Every structure is written in C-alpha cells, then in structure tokens.
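Descriptive structure summary
One-letter residues, chain by chain:
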Amino acid sequence: MNSHEIEIILSRQWADYLSIPVFITDPKGNLIFYNEPAEEILGRRFEDTGPMPVSEWSTIFNPEDEHGAAIPPDDLPLVKTLGTQQPATGSFWIHSLEDERHFLTVTSFPIVGVSGYLGAIAIFWKNDPDEN
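What counts and how
Residues numbered from 1 in each chain as written. Predicted model: local features only at pLDDT ≥ 70, side-chain atom pairs only at ≥ 80, totals over all residues. Heavy atoms only, no water. Helix = DSSP H or I, 4+ residues; strand = E, 2+ residues; numbered from the N terminus. Rg over C-alpha atoms; globule rule 2.2 N^0.38 Å. Buried < 20%, exposed > 50% of the residue type's maximum accessible area, 1.4 Å probe, protein only. Contact = heavy atoms within 4.5 Å. Areas by Shrake-Rupley, 256 points an atom, 1.4 Å probe, with all protein chains shown as cover. Pairing = 2+ DSSP bridges. Axes fitted to C-alpha atoms, helices over the stretch in contact; angles between N-to-C directions.

What follows concerns the overall build of the protein chain. The helix and strand inventory of the protein chain stands at five helices and five strands. Secondary structure elements of the protein chain, listed N to C terminal, follow the sequence α-β-β-α-α-α-α-β-β-β. Relative to the 2.2 N^0.38 estimate, which gives 14 Å for 132 residues, the radius of gyration of the protein chain is 14 Å and therefore close to what a compact globule would have. In the protein chain, buried positions account for 45% of the 132 residues. Put simply, of all contacts in the protein chain between residues at least 6 apart along the chain, 46% involve residues at least 24 apart. Counting only carbon and sulfur atoms, one obtains 50% of the accessible surface of the protein chain, whose full area is about 7,100 Å².

On the basis of which strands lie adjacent, the open sheet formed by five strands has the order β2-β1-β5-β4-β3 and antiparallel pairing. Only two strands of the sheet have a single partner each, and these edge strands are β2 (31-34) and β3 (88-95). Shown here is a sheet whose adjacent strand axes are inclined to one another by a mean of 25°, direction ignored. Where strand β1 (residues 22-25) and strand β5 (residues 116-126) come together, four bridges link them in antiparallel fashion. Directly across from F23, in β5, lies its bridge partner A122.

What follows is the structure, given as structure tokens:
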C-alpha cells in the first residue's frame, strides 16, 4: 500500500476484518482498496484490478436503476459522499466483471482524520430489489 494517513491504513485493516463488502477511496475518488467480500460480488480480486480512478470504478460495473437505465456516476452514493463529504445511501443494479447481475444497497461516509478530509468508505451488500 502506498503512503497514506494512519486513518486510511486503519480503515483498510478494519475492512479486512469485516464480512461485508467495503470500498475505500482517497479524497480525489481514487479507489485504493476493496476487501475480499467485495471481490466476491465484483468478480475480481483487488490485487488483480489494483487502484482505479473514480472515472473507471464508477462505470466499470455498469450501475443501473430498477428500470435498467444507466446511473450517472454523480448519482452513486460514494461519488455523492466524495463531492459533499456527507453520508449517502442508495440501491441499484451492477454487473460484476464476471457478468453477474447484483442488486446492491450502498451506504457511504467520509473519512476525516487529524489532518482533515482523507477520503470515503462505502459498505454495500446484495439485496432483494422487491424489498425497496
């Protein structure tokens, strides 16, 4: 892992122990880590994809609303958090890199450390679209 603030390093360690999927980004929106449960949904290990800019991770999984319409990156919860530094939540469809379709609920929140805003975290899980 590149040189990051201690809060980011601890967030990554925390994510490694969770049984739910987690994304971690830097303040510019670059995806700097996702954990093993996220790998299972996304269809690729983080070691294989590596870090990704927001322009890539916000579109690579083809997020769609309940009617199959593409969701613009700015409407994704994690991108909203990156722009506002406020928590956000939402539910939508994605296509994994193995072309499996999953309906996800996502909650994102900013990471704030001693030196200020450091990035954001998104936790997400597969959901039943009929329950929303």
